[in-house]
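Examination of the molecular architecture
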Amino acid sequence: MKTQFLKTVTLGLALASSALPVMAQDDGNARWVTDELTTYVRSGPTDGYRIVGTLTAGQPVSLLDTSGDYSQVRSSSGDVVWVPSSELQETPSASDQLPQLESRVEELTAELDGINESWEERTSTMTETLKVREQRITELEARNHELESSFDEISEVNRDLEARLETRKEDLLMRYFMYGGGVAGAGLIVGLIVPHLPRRRRKRDRWF
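Residues numbered from 1 in each chain as written. Predicted model: local features only at pLDDT ≥ 70, side-chain atom pairs only at ≥ 80, totals over all residues. Heavy atoms only, no water.

1. Structural notes on the overall build of the protein chain
Scanning the protein chain from terminus to terminus reveals two helices and seven strands. When its helices and strands are written in sequence order, the protein chain yields α-β-β-β-β-β-β-β-α. Buried residues in the protein chain amount to 17% of all 208 residues. Considering only contacts in the protein chain between residues 6 or more positions apart, those separated by 24 or more positions represent 51%. Summed over its atoms, the accessible surface of the protein chain is roughly 17100 Å², and 56% of this surface lies on carbon and sulfur atoms. (Helix = DSSP H or I, 4+ residues; strand = E, 2+ residues; numbered from the N terminus. Buried < 20%, exposed > 50% of the residue type's maximum accessible area, 1.4 Å probe, protein only. Contact = heavy atoms within 4.5 Å. Areas by Shrake-Rupley, 256 points an atom, 1.4 Å probe, with all protein chains shown as cover.)

2. Things to note about the pattern of salt bridges
One pass over the structure, following the stated rule, counts five salt bridges. Ionic pairing is found between Arg104 and Glu107, a salt bridge with its closest N-O pair at 3.0 Å. Placement of the pair is Arg104 and Glu107 together in helix α2 (residues 94-193), with a separation of three residues, close to one helical turn. Classification of Arg104 as partly exposed rests on a relative accessible area of 29%. Among the residues examined, Glu107 registers a relative accessible area of 44% and is labelled partly exposed. (Salt bridge = Lys/Arg side-chain N within 4 Å of Asp/Glu carboxyl O.)

3. Brief notes about a negative patch on the surface
A cluster of like negative charges, contributed by Asp113, Glu117, Glu120 and Glu121, occupies part of the molecular surface. Tracing the backbone through its elements, the reader meets Glu117 in helix α2. (Patch = residues over 30% accessible without salt bridge, like charges linked within 9 Å, V, L, I, M, F, W, Y side chains within 5 Å. Lys, Arg positive; Asp, Glu negative; His and termini not counted. Charge placed at Lys NZ, Arg CZ, Asp CG, Glu CD.)

4. Observations regarding the pairing of strand β5 (residues 70-75)
Looking at chain direction, strand β4 (residues 60-67) and β5 are connected through six bridges and run antiparallel. Note that in β5 the partner of Val61 across the bridge is Ser75. Once β4 ends, the chain turns through two residues before running back antiparallel as β5, passing Gly68 with a positive phi of about 65°. Sheet topology places β5 next to strand β6 (residues 80-84); five bridges connect them, and they run antiparallel. Bridging from a neighbouring strand, Val73 pairs with Val81 of β6. Where β5 folds back onto β6 in an antiparallel hairpin, the turn is made up of four residues, including Gly78, whose phi is positive at roughly 95°. (Pairing = 2+ DSSP bridges.)

5. A word on the side chain of Ser75
By the secondary structure assignment, Ser75 is in strand β5. On the accessibility criterion, Ser75 (8% relative accessible area) is buried. Ignoring sequence-local partners within four residues, the contact set of Ser75 consists of Leu55, Gln59 and Val61.

6. A look at the confidence of the model for the protein chain
Close reading of the predicted structure is inappropriate where its pLDDT is low. Put simply, the protein chain has an average pLDDT of 76, and 73% of its residues get 70 or more. Highest mean pLDDT in the protein chain belongs to β6 (93); lowest belongs to helix α1 (residues 2-24) (43). (pLDDT = per-residue confidence, 0-100.)

7. Overview of a nonpolar patch on the surface
On the surface, Leu188, Ile189, Leu192 and Ile193 cluster together into a nonpolar patch covering about 400 Å² of accessible area. Among the structural elements, Ile193 can be located in helix α2. Judged by relative accessible area, which is 45%, Ile193 ranks as partly exposed.

8. Quick notes on the nonpolar core
In terms of nonpolar packing, the biggest core is built from eight residues, these being Val41, Leu55, Val61, Leu63, Val73, Val81, Val83 and Leu88. The set of elements that each furnish at least two residues to this core consists of β4 and β6. (Core = buried A, V, L, I, M, F, W, Y, C linked by side-chain atoms within 4.5 Å.)

Take a look at the structure:
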């Protein structure tokens, strides 16, 4: 959970830091005092001018001019002073960015929680679907096993019937052979006996 939160914070910082410069560019003269505790300002653009006050860290100012290492700025109270250019930055200070970053982190955290909840729901649905499919597969495998057993039994019966049929064919062929042989033998015997039988003489027709 900490890892997810750190990722969210990092993402929020990246998005916020990329968005804030764009806001600053709306006014090309917008500047912010650096995060130092205080910044001394002078009445002119060199170190020789007297210090006339300070600006607090993160205070927004408007850039008016530059000269050497100094920039002329107008503070939020309307004072026009000179400040070292190195003490200015083009993006809001960390203290100004923090509330926006915290808000963005909250938004991203809420979005991440929604994603996690949605993902958990999808995972639960997928798990239930997987269980149903596994159960169906188990039933199909059992049914397939039953069909294989029935097929083996039918195959065994079929082989037995084929063996019986082959035996009957052989018996029938043998009977036909014996019957044909008997008929042929009887015909041969008759053919041999008939020529030797005495023929009856025909009586001549008489006239009365």
